[in-house]
Amino acid sequence: MNRAIAEAVDRLRAGCHVVLTDRVSDLGIAGYAGRAITPESVNFLVTRCRGIVYAGAPRPQLEHLGIGRQHGAGVLQKGILVAVDARGSVTTGVSAADRAQTIRTILDPRTTREHLRTPGHVLPNAIDDTGDIGRYWLSEALQHLVEIAGLGQGVALAGVLAEDGAMATATQLEEFARETGTICLDIADVLRAQRRARGWAAEPWTGHRIVRLAHHRLDLVVTARDAHRVHDEFEVSVLPYCPAGHTLRIAGPCRDALDAAIDEFDGRGRGAVVLVSAAGAPPAACGEHPTTVSPHLACLVAADLAAAQPIHPRKVVA
């Protein structure tokens, strides 16, 4: 376990919050282990984070409650059920104490539909635990840290707003973590730790430089080898990203296409492959990942890599 993961786990065990970012979407959350939720921690989520408060539990646990799905997109953009309050044990449902009780009720596996009323003030969030890379996001990453901490199932979290009321960026979230005395992790780091812990397929492209490039519509993963300063000779191949073939390394046309492209630039001693996925697009079958890439994109990637400069998150005009 690396130092940052270990520090986050220690914070959760102490009943404190951690901050998680998604640098592709350039936003993030602060969250607690469900077992640690108190009126004080809910008050922190409401007053310091200022986003909607969510209670995350395993999808099967929430499905039997029979609560309708929330329409529209929240900070988690998926798996959100209609807001609820705990029935009988809360008053208005608005106070920090009421919301803490509602979160504990949602996360209790013994809870049934009769224990909850709608509409309410806490949004249940269904956490996916199938290992599907396309469904892995902030709530799944937080739950994994909670599991490492030995604190069971269930999390409480909220989106973090900047001073101007916009969603805090990844850079602002790092500063927020420092100000509030905690650790800030990116979900990519947590995912790598989870894959190692669970013995899932090893990370592909061993020995190659892997970087990420954030686009306002696209998430780009770039693998490159032996970049040269003369980028006119630094060829770039662009492929649509396939979670099954490229991350889980499941046999199929997407994996074959990536392997062939890497073999080609390995043979030349230089080159790069850019994997592109449309942000928010639903998972597609292997080999069925249509995408449109800017003709300027390959040149930008090649120039940055050829100059041996790190690729920072940036917007590219498509």
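My aim in this report is to walk through the structure given alongside it, one point at a time. Because the structure is predicted, anything quoted here is derived from the model rather than measured. (Residues numbered from 1 in each chain as written. Predicted model: local features only at pLDDT ≥ 70, side-chain atom pairs only at ≥ 80, totals over all residues. Heavy atoms only, no water.)

### Brief notes about the packing of aromatic side chains
Describing an aromatic ring pair means giving the distance of the ring centres and the angle of the ring planes.
Thinking step 1. For the coordinates displayed, the defined rule picks out 2 aromatic pairs.
Thinking step 2. When the centroid spacing of 6.3 Å and the interplanar angle of 85° are considered together, the rings of Y32 and F44 count as edge-to-face. Of this pair, Y32 sits in strand β2 (residues 27–33) while F44 sits in helix α2 (residues 39–49), and the two are 12 residues apart along the sequence.
Thinking step 3. Overall, Y32 belongs to the buried group, its relative accessible area being 5%. (Phe/Tyr/Trp six-rings, centres within 6.5 Å; stacked < 30°, edge-to-face > 60°. Helix = DSSP H or I, 4+ residues; strand = E, 2+ residues; numbered from the N terminus. Buried < 20%, exposed > 50% of the residue type's maximum accessible area, 1.4 Å probe, protein only.)

### Here we look at the pattern of salt bridges
Thinking step 1. Counted under the stated rule, the structure contains 6 salt bridges.
Thinking step 2. A salt bridge links D85 to R117; the nearest nitrogen and oxygen atoms lie 3.7 Å apart. Of the two residues, D85 sits in strand β4 (residues 84–86) while R117 sits in strand β5 (residues 116–127), which places them 32 residues apart along the sequence.
Thinking step 3. Classification of D85 as buried rests on a relative accessible area of 1%.
Thinking step 4. Across the salt bridge formed by D108 and R110, the nearest N and O atoms sit 2.9 Å from each other.
Thinking step 5. Classification of D108 as partly exposed rests on a relative accessible area of 22%. (Salt bridge = Lys/Arg side-chain N within 4 Å of Asp/Glu carboxyl O.)

### Here's the deal with the packing of helix α1 (residues 3–13) against helix α5 (residues 138–148)
Thinking step 1. Contact geometry for α1 and α5: axes closest at 9 Å, N-to-C directions at 75°. On the basis of their axis angle, the class for α1 and α5 is roughly perpendicular. On α5, the residues that touch I5, A8, V9, L12 and R13 of α1 are L142, L145, V146 and I148.
Thinking step 2. A per-class count over the contact of α1 with α5 returns 8 nonpolar, no polar and 1 charged. (Axes fitted to C-alpha atoms, helices over the stretch in contact; angles between N-to-C directions. Parallel < 35°, antiparallel > 145°, perpendicular 65-115°, else oblique. Contact = heavy atoms within 4.5 Å. Nonpolar A, V, L, I, M, F, W, Y, C, P; charged D, E, K, R; others polar.)

### Structural notes on the side chain of S139
Thinking step 1. Structurally, S139 can be placed in helix α5.
Thinking step 2. Overall, the relative accessible area of 1% leaves S139 in the buried class.
Thinking step 3. Within the structure, the side chain of S139 is placed 3.1 Å from the side chain of N125, a separation counted as a polar contact. (Polar contact = N/O pair within 3.5 Å; in protein donor to acceptor, adjacent residues only side chain to side chain.)

### Some words on the environment of R11
Thinking step 1. Of note, R11 is situated in helix α1.
Thinking step 2. Measuring from C-alpha to C-alpha, the distance between R11 and G181 comes to 9.7 Å, with 170 residues separating the pair along the chain.
Thinking step 3. Setting aside anything within four residues of it in sequence, one finds R11 in contact with C16, H17, V18, T180, G181, T182 and I183.
Thinking step 4. Within the local environment of R11, its side chain forms a polar contact with the backbone oxygen of G181, the two atoms lying 3.0 Å apart.

### Observations concerning the environment of Q172
Thinking step 1. Within the secondary structure layout, Q172 lies in helix α6 (residues 170–179).
Thinking step 2. Once residues within four sequence positions are removed from consideration, Q172 is found in contact with A162 and M167.
Thinking step 3. A distance of 2.9 Å separates the side chain of Q172 from the backbone nitrogen of T169, its partner in a polar contact.

### Some words on unusual backbone geometry
Thinking step 1. For the bond running from T118 to P119, omega is -5°, close enough to zero to count as cis.
Thinking step 2. Among the structural elements, P119 can be located in strand β5.
Thinking step 3. Despite not being glycine, R50 shows a phi value in the positive range, around 70°.
Thinking step 4. By the secondary structure assignment, R50 is in strand β3 (residues 50–58).

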